[in-house]
Amino acid sequence: GWSAWRKVGERAAPDRWGWQVRDGRLVAPGWDLGLLRSEREFSDVRLEFEVRLPENSSLFIGFRSGSINNPREQLLVVPLFDQARLRQADDKTLNVPYLREFLGVASRLPAEEWKSISIRCEGGDLALSINGQDAAAIRIGDFEGLREVPARGPVFFLADEHSQNVAIRGIRAWDLGDEQP
């Protein structure tokens, strides 16, 4: 299952925070952080979903992290930015070496179109595919800031307060040792 959170440890009030169900999809309204977190923890995981990024929006998908609010804990995230949002990304985001590997895929994420996303986090590898085509991949151990990422943790989706009406549907996540759902 999945839970909406205002921040780790504080469940979201359905009328104000997090994600809403609209027409069979999950939508982050954008008035504050939209944090959707798996109740199950994963180590080696495959995540598949469809996403629609409105113009000037972004979505972060995180793996193996217990707390996104703890700046001392390493985060393993895949950022999805549309082209307009990428132009506004701050230097803090752009200067994280492993994030740059994924930010280059913004040209494959035109606003308002549904895209099929597949992310595989296995051992020391993290790989992203968009619409069935390989888009970006990293070796986690190649980046100093990722060497302390926990071996197991929940999966999360995070849409920031600037990303109105980011929508996702068809979420499937499974341990790679299990059968595909």
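Look a little higher up for the structure.
Residues numbered from 1 in each chain as written. Predicted model: local features only at pLDDT ≥ 70, side-chain atom pairs only at ≥ 80, totals over all residues. Heavy atoms only, no water.

Undergrad: Please clarify how the overall build of the chain should be interpreted in this entry.
TA: Counting its regular elements, the chain contains three helices and 13 strands. For the chain, the proportion of its 181 residues judged to be buried stands at 46%. A separation threshold of at least 6 residues defines the contact pool for the chain, and within that pool the share at least 24 residues apart is 68%. Accessible area for the chain stands at about 9100 Å²; split by element, carbon and sulfur atoms hold 43% of it. (Helix = DSSP H or I, 4+ residues; strand = E, 2+ residues; numbered from the N terminus. Buried < 20%, exposed > 50% of the residue type's maximum accessible area, 1.4 Å probe, protein only. Contact = heavy atoms within 4.5 Å. Areas by Shrake-Rupley, 256 points an atom, 1.4 Å probe, with all protein chains shown as cover.)

Undergrad: Sorry, what's going on with the pattern of salt bridges here?
TA: Two side chains bearing opposite charge may form a pair once their charged atoms approach each other closely. Using the criterion set out here, one finds seven salt bridges in the structure. For E48, the salt bridge goes to R172, with nearest N and O atoms at 2.2 Å. Pair noted here: E48 is in strand β6 (residues 45–52) and R172 is in strand β13 (residues 166–175), with a separation of 124 residues, a long-range link. With a relative accessible area of 15%, E48 lands in the buried category. On the basis of relative accessible area, R172 is assigned to the partly exposed category, the value being 31%. Salt bridges sharing common partners tie together R46, E48 and R172. (Salt bridge = Lys/Arg side-chain N within 4 Å of Asp/Glu carboxyl O.)

Undergrad: What am I meant to see in unusual backbone geometry here?
TA: Note: most peptide bonds trans; most residues except glycine with negative phi. In this structure, N56 is a non-glycine residue whose phi angle is positive, near 65 degrees. Tracing the sequence through the fold places N56 in the loop between β6 and β7 (58–63). For N56, a relative accessible area of 24% translates into the label partly exposed. Here the phi dihedral of N131 falls at roughly 50 degrees; this positive angle occurs in a residue that is not glycine. If you trace the backbone, N131 turns up in the loop between β10 (125–130) and β11 (133–139). Of the residues examined, N131 reaches a relative accessible area of 47% and is grouped as partly exposed.

Undergrad: I tried to follow the nonpolar core on my own but got confused; where do I start?
TA: Side chains of a nonpolar character, in soluble globular proteins, are inclined to be buried together. Within the largest apolar cluster, 46 residues are counted, with the highest numbers of intra-cluster contacts made by F49, L59, I61, F63, L80, L126 and L128. Of the residues forming this core, the biggest block, five residues, is contributed by strand β8 (residues 76–81). Setting aside its immediate chain neighbours within four residues, L59 contacts W19, F49, V51, L53, V78, P79, L80, F157, L158, A159, V166 and I168. (Core = buried A, V, L, I, M, F, W, Y, C linked by side-chain atoms within 4.5 Å.)

Undergrad: Just checking my understanding: could you explain the sheet that holds strand β4 (residues 25–28) for this structure?
TA: Consider a sheet: its strands pair through backbone hydrogen bonds, and that pairing is either parallel or antiparallel. One open sheet holds the seven strands; their spatial order is β3-β4-β13-β6-β9-β10-β11, and the pairing between them is antiparallel. In this open sheet, the two edge strands, each paired with only one partner strand, are β3 (20–22) and β11. Taken over all neighbouring pairs, the strand axes of this sheet differ in orientation by 30 degrees on average, direction set aside. (Pairing = 2+ DSSP bridges. Axes fitted to C-alpha atoms, helices over the stretch in contact; angles between N-to-C directions.)

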